[in-house]
Amino acid sequence: MDRGVAVALAAVIGGVLAAQAPLNSQLGRTVGGLEASVVALGVSFAAALALAALTGGAGGIRRIGEAPLYVAVGGGLNGALYVGSIVWTVRALGAGGLTAVTIAGQLALAIVIDHYGWLGVERSPVTAGKVAGVALLALGTWLVIRD
């Protein structure tokens, strides 16, 4: 995929994700917090399975046993942790605060993952520019959540 297209797509999806926590929290007020997470992840599973079937990718699921266990379950567990937590954290932080804190945490750990080449990513050393970017994001996060 072209880098510019990837940036645009990621930005659009990131924008759409801003609605995820408030939607799940609102559902949680009706059905319960954990139950809302189950519904949200169930819908996600059904949508992903349908998309895989439509694009011919569902057959690859049979090869799950070839992946290390931490790889097979890690992303799903991370998703469940995030979806399960946003039902409550959005109430304390608001959609903007939750998004800012989440992105700051993601970027900080992502830079460490890149630096060490963990989880199969190509190594990309920490630089002064990256540290400055994390610091600026941390400052921006503080400005968003300080009220």
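Before reading on, note that the structure itself is shown above.
Residues numbered from 1 in each chain as written. Predicted model: local features only at pLDDT ≥ 70, side-chain atom pairs only at ≥ 80, totals over all residues. Heavy atoms only, no water.

## Brief notes about the overall build of the chain
Stage number 1. Each helix and strand counted, the chain has 5 helices and 0 strands in total.
Stage number 2. Going residue by residue from the N terminus, the α and β elements of the chain occur as α-α-α-α-α.
Stage number 3. Counting only C-alpha atoms and orienting by the principal axes, one finds that the chain spans roughly 45 × 45 × 30 Å.
Stage number 4. Each of the 147 residues in the chain was classed as buried or not, and the buried ones make up 15%.
Stage number 5. In the chain, the proportion of contacts linking residues at least 24 apart, taken out of those at least 6 apart, comes to 59%.
Stage number 6. Of the roughly 10100 Å² of accessible surface on the chain, a fraction of 71% belongs to carbon and sulfur atoms. (Helix = DSSP H or I, 4+ residues; strand = E, 2+ residues; numbered from the N terminus. Buried < 20%, exposed > 50% of the residue type's maximum accessible area, 1.4 Å probe, protein only. Contact = heavy atoms within 4.5 Å. Areas by Shrake-Rupley, 256 points an atom, 1.4 Å probe, with all protein chains shown as cover.)

## Comments concerning unusual backbone geometry
Stage number 1. One non-glycine residue, Leu119, lies in the positive phi region at around 60°.
Stage number 2. The exposed category is assigned to Leu119, whose relative accessible area is 65%.

## Regarding the environment of Thr30
Stage number 1. On the secondary structure map, Thr30 appears in helix α2 (residues 20-31).
Stage number 2. Taking relative accessible area as the criterion, Thr30 reaches 66% and is therefore assigned exposed.
Stage number 3. For the pair formed by Thr30 and Val7, sequence separation is 23 residues and the distance between their alpha carbons is 36 Å.

## Side note on the side chain of Thr141
Stage number 1. Looking at the element boundaries, Thr141 is found in helix α5 (residues 128-145).
Stage number 2. Owing to a relative accessible area of 8%, Thr141 belongs among the buried residues under this scheme.
Stage number 3. Here Ala100 takes part through its backbone oxygen, which lies 3.3 Å from a polar atom of the side chain of Thr141.
Stage number 4. Dropping the residues within four chain positions of it, Thr141 is found in contact with Ala100, Val101 and Ala104. (Polar contact = N/O pair within 3.5 Å; in protein donor to acceptor, adjacent residues only side chain to side chain.)

## Looking at the pattern of salt bridges
Stage number 1. Under the definition given, this model contains 1 salt bridge.
Stage number 2. Across the pair Glu66 and Arg63 runs a salt bridge, and its minimum N-O distance is 3.2 Å. The residues Glu66 and Arg63 share a single accessibility class, namely exposed. (Salt bridge = Lys/Arg side-chain N within 4 Å of Asp/Glu carboxyl O.)

## Regarding the packing of α2 against helix α4 (residues 69-116)
Stage number 1. At a minimum axis distance of 8 Å, the contact between α2 and α4 shows a crossing angle of 115°. Of the two elements, α2 crosses α4, and the hand of that crossing is left-handed. Contact with α2, carried on its side by Gln20, Ala21, Pro22, Asn24, Ser25, Gly28 and Arg29, involves Tyr82, Val83, Ile86, Val87, Val90, Arg91, Ala95 and Leu98 of α4 and no other residues of that element. (Axes fitted to C-alpha atoms, helices over the stretch in contact; angles between N-to-C directions. Left-handed = near helix turned anticlockwise from the far one by under 90°.)

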